[in-house]
Amino acid sequence: MKEGKAVLKSKMKCIGLVGLVLSAFSLFLHFLLARFTEHGFSDYQSSITIFSWRPIFETSDLSRTSSLYRRLWGPVGQLESMHPLANPRGYYAGPSVQTNGFIFVRIQGGFHEIRSSICDVVAVSRFLNATLVVPEIQQTTSKKGISSQFKSFAYLYNEEIFMAALAKDVNIVKTLPKSLKSARRNKEIPVFRVPYAASPYYYLHNVLPILIKHSVVELVVSDGGCLQAILPPHLEEYQSLRCRVAFHALKFRQDVQDLATKILHRLRAPGRPFIAFDPGMTRDALAYYGCSELFQDVHAELIQHRRAWMRKRGIIKGQLSVNSAKQRLKGSCPLTPEEVGILLRAYGYSWDTIIYVSGGEVFGGQRTLIPLHGMFENVVDRTSLSTNWELSAIYGREANLDENYPRAPPAQVETKFDAWKNSGPRPRPLPPPPARPKTYNIEGWWGWVAESDNEPESTVVELRTNAHKLLWEAIDYTVAVEADVFIPGFDRDGKGHPNFASLIMGHRLYQSAASKTYRPNRKEVVRLLDEIRGHIYHANHSWLTSVRRHLRSSLIDGLIEASNKSKSSSFLSHPVPECSCLRPDSSETSSNVSTPSAHPQVHAALRVAHRCPAWMDGEKDLSSKERDNEEDIDENDPVSSRLFFQHTGSHDVGGEDITPKEESQFEDQEEDSD
């Protein structure tokens, strides 16, 4: 009997063991197949939603026909008749078969500088009747530790689409001919370090004669643009060419575009619109404009250290010490995430609004975003909407660089040699100690700030990370362009030029001019915030009215101001009127109205006068009545005040309820102020 029970137990153990082995094998086989299946694992991840974001909503979704929805998310009626048009507007000859030679370009800088530079070099190549070699992006060369399966330009952009889209504009080849390759390798071809925003005459008088003589020139572009933003009227066709390059030819690498599309779908999965916010708080920008005192900790020292380095390089001409408070009052410093959050809450966006934080670096880290997270529950970025595996997949197969990480110096063991012991009463001086390897915290840079006035040399790991940042910003760029609403914290980079956010606003202006893109006047915003600095989360009604009017007016006034300021530095930040046209709506067409627009003053200020081609007249547009109604929604909507003041637990900014009587008083105040 006992033997039978023992046999039974042993059989059960064997069965259990076999089951465990089969389960482990099945699980291993599943992941093995998924790992080597191109789309299987990523589709599996998407289907079960294993990324970290879990949306939280408590307020009911607004009806798309409601006045509040149109005020918060609807199109800007005054810009509804503006549409993209990058086609040539007159006779446009194709590229010549016989060219003056080859132009090889090396582009240095970040994402926005690379994108602007590519558009400029294409225009320069057509202007000089030259064959363009696909530009080399210095951030993505093999020396930066990236995957060997990509070649510079193709690391970020789709090379085939780029060449095909511009086939009727300029001759483009992938590489130089062999004879010129060897000449470049031996440094026998002329090299031009092109100044920022060079004029067309610079190329005619300096570059073209050398190009004709040597059949090849190399251009080094390092400041984010090698052609002036505003061209003479007879060169207007080159502005349209820039638009065709930026908005049609420059498509991201397919797997990068696919991941951006997935993130966009995940953002829209809850069925609600979302806001894209670009803080623009980079260390270089803060140092350039002297905004170190925005941080009351070690970050202020890091900004000053960077400013001192920029002064040595001649990037900054001003003093090392700058009064950050005065800079902020002048509107020269970025709006903090907290300040942007207060503006959005005051305008009427509820605490469960989805906000996508774009851009590569937010100086100060996640700590800087804590106030924004406190005001809005659904603050996300690319890391919370994708998995580590998905992000790693777009980098390609990269070599392991663990051995290149900075390591702590080995402990120095004191050794005494016999020669030192027997050298007499006056021993020879000891040799100097070996140089201590540079080791520092990549996140904070604390290790070297006190040691040297210079910035440390970048390690291979950091160079690879900089290349990865280009892909991260490509994802953010795609999402921000498609967002229902966009608001920037800052629109300048570390050289005083338009930055990443400016390119996004320019692309949105071209692609869908009527989409809501706030361009707040930082000087006015700082004044409004300082008015209630002591009770910033319990604002009064008149203050809310002022904030809402400012944000609403920034949709148009900020755009007009950008046409006078940003465009002179970067054409892509404001590609209007050269790449836009006006299309009348159905009511105007049926009434035979001679003016092509219901808002001639706005279009005149933007200098948009070109009529869209006839084939674009069939598209649906808002009626003029709906557009007129939209203009009155801001001032006559009591619900928006309730969203800011209504108590909804710990998530709301305000802390008091509004009675119906107060709501009516609030309406009266707004109407009287008109």
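Since we're looking at a predicted model, the values are computed, not measured.

**Q** So what about the overall build of the protein? Which residues, and what values?
**A** A tally of regular secondary structure across the protein gives 28 helices and 13 strands. Across the 674 residues of the protein, 49% fall into the buried class. Of the contacts formed within the protein by residues at least 6 apart in sequence, a portion of 81% connects residues at least 24 apart.

**Q** Tell me about the environment of H468, residues and numbers included.
**A** Residue placement: H468 occurs in helix α19 (residues 460-482). For the pair H468 and Y155, spaced 313 residues apart in sequence, the C-alpha to C-alpha distance is 9.7 Å. Setting aside its immediate chain neighbours within four residues, H468 contacts Y155, Y395 and E398.

**Q** Residue-level account of the pattern of salt bridges, with values.
**A** Pairing between side chains of opposite charge can happen when their charged atoms approach one another. Counted according to the given criterion, the structure contains 25 salt bridges. Salt-bridge contacts for D484 lead to R268; the nearest nitrogen and oxygen are separated by 3.0 Å. One end of the pair, D484, is in the loop between α19 and β11 (485-488); the other, R268, is in helix α10 (residues 254-268), with 216 residues separating them in the sequence. One salt-bridge network, held together by shared partners, links R328, E339, D530 and R533.

**Q** Outline the pairing of strand β2 (residues 102-107), listing residues and values.
**A** Counting buried residues along β2, five of its six residues qualify, which places the element largely inside the surrounding structure. The pairing of β2 with strand β3 (residues 131-133) spans two bridges and is parallel. What sits directly across from F102, in β3, is T131. Following the chain from β2 across helix α4 (residues 111-127) to the adjacent parallel β3, one finds a crossover that is right-handed. When β2 meets strand β7 (residues 216-221), the two strands line up parallel, connected through six bridges. Counterpart to R106 in the pairing with β7 is V220. Bridge analysis of β2 against strand β4 (residues 136-137) gives two bridges, and the strand direction is parallel. Bridging across to β4, R106 finds its partner in E136.

**Q** Describe in detail the confidence of the model for the protein, supporting the description with residues and values.
**A** The predicted model of the protein has a mean per-residue pLDDT of 80, with 76% of residues at 70 or higher. In the predicted structure, residues 38-49 sits below a pLDDT of 50 and forms 16 contacts with residues beyond four places in sequence or in another chain. The model gives residues 621-636 a pLDDT under 50, and that stretch makes 45 contacts with residues more than four places away or in other chains.

**Q** Explain the sheet that holds β11 to me, and be specific about the residues and the numbers.
**A** The strands that make up a sheet pair up through hydrogen bonds in the backbone, lying either parallel or antiparallel. Taken in spatial order, the five strands of this open sheet run β10-β9-β8-β11-β12, and their pairing is parallel. Each end of this open sheet is capped by a strand with a single partner; those strands are β10 (378-380) and β12 (516-517). Pairing geometry for strand β8 (residues 274-278) and β11, over four bridges, is parallel. Pairing of I275 across the sheet is with V485, part of β11. Of the strands in this sheet, β8, β9 (354-357) and β11 are in contact with helix α14 (residues 337-347), which crosses β8 at around 150°. Contacts from α19 reach β8, β9 and β11, with the element oriented near 145° to β9.

**Q** Outline the pairing of β8, listing residues and values.
**A** Burial runs high along β8: five of the five residues are buried. Here β8 shows two buried faces, one formed by F274, A276 and D278 and the other by I275 and F277. Both β8 and β9 contribute to a ladder of four bridges, which runs parallel. Bridging from a neighbouring strand, A276 pairs with Y356 of β9.

**Q** Describe a positive patch on the surface, listing the residues and the values that go with them.
**A** On the surface, K151, K178, K181 and R185 cluster together to form a positively charged patch. When you line up the elements, K181 lands in helix α7 (residues 178-185). A residue is classified by how much of its surface remains accessible, and K181, at 34% relative accessible area, is partly exposed.

**Q** I'd like a rundown of the nonpolar core, residues and numbers included.
**A** Judged by nonpolar contacts, the single largest core of 91 residues is most densely connected at Y157, F162 and Y203. The dominant element in this core, judged by the number of residues it contributes, is α19, at ten residues. Judged by nonpolar contacts, the second largest core, of 48 residues, contains A346, F376, I532 and V602.

**Q** Outline helix α23 (residues 557-564), listing residues and values.
**A** Along α23, the positions that sit buried rather than exposed are G558, L559, A562 and S563. For α23, the buried positions fall inside an angular range of 145° around the axis, keeping them on one side.

**Q** Give me the lowdown on the packing of aromatic side chains, citing residues and values where you can.
**A** Evaluated as defined, the whole model comprises 17 aromatic pairs. Taking the centre distance of 5.7 Å and the plane angle of 80° together, the rings of F127 and Y238 count as edge-to-face. One end of the pair, F127, is in helix α4; the other, Y238, is in helix α9 (residues 236-249), and 111 residues separate them in sequence. The partly exposed category is assigned to F127, whose relative accessible area is 22%. Seen from their ring centres, Y477 and F500 are 6.2 Å apart, and the 65° between their planes marks the pair as edge-to-face. Here F500 lies in helix α20 (residues 500-511) and Y477 lies in helix α19, a separation of 23 residues in the sequence. Taken together, the ring pairs connect F111, F153, Y157, F162, F252, Y477 and F500 into an aromatic cluster. Sitting over the face of the ring of F150, R253 holds its NZ or CZ atom 3.9 Å from the ring centroid.

**Q** For the state of the cysteines, give the residues involved together with the corresponding values.
**A** For the structure shown, the criterion picks out three disulfides. One disulfide in the model links C243 with C579; its S-S distance is 1.9 Å. Torsion about the S-S bond of the C243 and C579 cystine: about 95°, corresponding to right-handed handedness. Of the two residues, C243 sits in helix α9 while C579 sits in the loop between α23 and β13 (580-582), which places them 336 residues apart along the sequence. Classification of C243 by relative accessible area gives buried; the value is 0%. Look at C579 and you get buried, because its relative accessible area is 0%. If one numbers only the bonded cysteines of the protein, in the order they occur, the disulfide pattern is 1-4, 2-3, 5-6.

**Q** If you had to explain the packing of helix α21 (residues 522-531) against helix α22 (residues 541-554) to someone new, which residues and values would you point to?
**A** Axis separation between α21 and α22 bottoms out at 11 Å; the angle between their running directions is 165°. In terms of orientation, α21 and α22 fall into the roughly antiparallel class. In the crossing of α21 with α22, the sense of the turn from one axis to the other is left-handed. Of α22, the residues touching α21 (which contributes E524, V525, L528, L529 and E531) are W543, S546, V547 and H550.

Scoring rules and cut-offs
Residues numbered from 1 in each chain as written. Predicted model: local features only at pLDDT ≥ 70, side-chain atom pairs only at ≥ 80, totals over all residues. Heavy atoms only, no water. Helix = DSSP H or I, 4+ residues; strand = E, 2+ residues; numbered from the N terminus. Buried < 20%, exposed > 50% of the residue type's maximum accessible area, 1.4 Å probe, protein only. Contact = heavy atoms within 4.5 Å. Salt bridge = Lys/Arg side-chain N within 4 Å of Asp/Glu carboxyl O. Pairing = 2+ DSSP bridges. Right-handed = clockwise from strand over helix to strand, strands pointing away. pLDDT = per-residue confidence, 0-100. Axes fitted to C-alpha atoms, helices over the stretch in contact; angles between N-to-C directions. Patch = residues over 30% accessible without salt bridge, like charges linked within 9 Å, V, L, I, M, F, W, Y side chains within 5 Å. Areas by Shrake-Rupley, 256 points an atom, 1.4 Å probe, with all protein chains shown as cover. Lys, Arg positive; Asp, Glu negative; His and termini not counted. Charge placed at Lys NZ, Arg CZ, Asp CG, Glu CD. Core = buried A, V, L, I, M, F, W, Y, C linked by side-chain atoms within 4.5 Å. Arc of directions from axis to C-beta. Phe/Tyr/Trp six-rings, centres within 6.5 Å; stacked < 30°, edge-to-face > 60°. Lys NZ or Arg CZ within 6 Å of the ring centre and 35° of its normal. Disulfide = S-S within 2.5 Å. Parallel < 35°, antiparallel > 145°, perpendicular 65-115°, else oblique. Left-handed = near helix turned anticlockwise from the far one by under 90°.

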